Amino acid sequence: MEELEKCLQEAQAQRFRIIVTDGVFSMDGNVAPVDKICDLAEKYDALVMVDESHSAGVVGRTGHGVSEFFNTYGRVDIYTGTLGKAFGGALGGFTTGRKEIIDLLRQRSRPYLFSNSLAPAIIGASLEVFRMLGESNELHDRLVENVEYFRDRMLALGFDIKPTQSAICAVMLYDAKLSQDFAARMQEEGIYVTGFYYPVVPKGQARIRVQISAGHTREQLDKCIAAFEKVGRELKVLA
């Protein structure tokens, strides 16, 4: 926040200022301090844009994203997000904001030109997901339970998992080659995970990123945890 404030001070001569941030940072699963960002935006007359690709449907008491998490409704000017993660649409995304902003985007955005718009089936399915989330918190509650179960069991086994406030669990391995070998062995065990290493993450911060879903059953989570334990012992990650 100190660095952001310095940047805002340096940008005061500009006609407009906009702060753009992820809601949840996808590699670690941590949530941006949107309340503090909004405080600075109001202090230095800046717009705020939040990409909710990894936070919409996930964080907040009912999964309504970072503004529910931090109670910043009315303080964020633009939200963007994807229909292909929590909402399950596999393709496309969305932008919300003030009417003037959306009207401008409708005139200028490439997806509205020619034949590039999303298929009606994708739109219909995505709207249905939004309706379902508004009617019941069952799916979000199940997601939270699954994340807590997976994280607690993995920590009990001795894995190093970064603190997370989302559905992303970063299993830290630190070594790039080890992360690739580990992911390959997990796939042989029937678990699809991917190792991440530099330049996607900082040097020495290689990890396997696991994304938990409300659709995962307890049996599936147990199978995944058992595979992590088996491979972890084979590769000397666990004692």
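Residues numbered from 1 in each chain as written. Predicted model: local features only at pLDDT ≥ 70, side-chain atom pairs only at ≥ 80, totals over all residues. Heavy atoms only, no water.

With 6 of 7 residues buried, strand β5 (residues 168–174) lies mostly within the body of the structure. As paired strands, β5 and strand β7 (residues 206–211) are joined by 6 bridges and run antiparallel to one another. Note on β7: the bridge partner recorded for Ala170 is Arg209. (Buried < 20%, exposed > 50% of the residue type's maximum accessible area, 1.4 Å probe, protein only. Helix = DSSP H or I, 4+ residues; strand = E, 2+ residues; numbered from the N terminus. Pairing = 2+ DSSP bridges.)

Here we come to the side chain of Ser126. Relative to the helices and strands, Ser126 resides in helix α5 (residues 120–135). In this structure Ser126 comes out as buried when scored by relative accessible area, which is 2%. A distance of 2.8 Å separates a polar atom in the side chain of Ser126 from the backbone oxygen of Ile122. (Polar contact = N/O pair within 3.5 Å; in protein donor to acceptor, adjacent residues only side chain to side chain.)

Tallied over the full model, the rule gives 8 aromatic pairs. For the ring pair Phe159 and Phe182, a centre distance of 6.4 Å and an interplane angle of 75° mean the geometry is edge-to-face. Of the two residues, Phe159 sits in the loop between α6 (138–157) and β5 while Phe182 sits in helix α7 (residues 176–188), which places them 23 residues apart along the sequence. By relative accessible area, Phe182 is classed as buried at 0%. Among the aromatic residues, those joined into a ring-pair cluster are Phe150, Phe159, Phe182 and Phe228. (Phe/Tyr/Trp six-rings, centres within 6.5 Å; stacked < 30°, edge-to-face > 60°.)

The interhelical angle for the contact between α6 and helix α8 (residues 218–234), taken along N-to-C directions, is 25°, at an axis separation of 11 Å. Comparing their axes, α8 and α6 come out roughly parallel. The two elements α6 and α8 meet at a crossing, and its hand is right-handed. Within the contact between the two elements, α6 uses Asn146, Tyr149, Phe150, Arg153, Met154 and Leu157 and α8 uses Arg218, Leu221, Asp222, Cys224, Ile225, Phe228, Glu229 and Arg233. (Axes fitted to C-alpha atoms, helices over the stretch in contact; angles between N-to-C directions. Parallel < 35°, antiparallel > 145°, perpendicular 65-115°, else oblique. Left-handed = near helix turned anticlockwise from the far one by under 90°. Contact = heavy atoms within 4.5 Å.)

The grouping of Ile18, Val20 and Leu47 at the surface amounts to a nonpolar patch, some 250 Å² of accessible area in total. For Val20, the location among the structural elements is in strand β1 (residues 18–22). Here Val20 falls in the exposed class, since its relative accessible area comes to 52%. (Patch = residues over 30% accessible without salt bridge, like charges linked within 9 Å, V, L, I, M, F, W, Y side chains within 5 Å. Areas by Shrake-Rupley, 256 points an atom, 1.4 Å probe, with all protein chains shown as cover. Salt bridge = Lys/Arg side-chain N within 4 Å of Asp/Glu carboxyl O.)

Across the sheet, 4 strands lie side by side as β1-β2-β3-β4; this open sheet has mixed pairing. Because the sheet does not close on itself, it has two edges, and the strands there are β1 and β4 (93–97). The mean angle between the axes of side-by-side strands here comes to 15°, regardless of whether they run parallel or antiparallel. As defined by bridge partners, β1 adjoins strand β2 (residues 47–51) across 5 bridges and the pair is classed as parallel.

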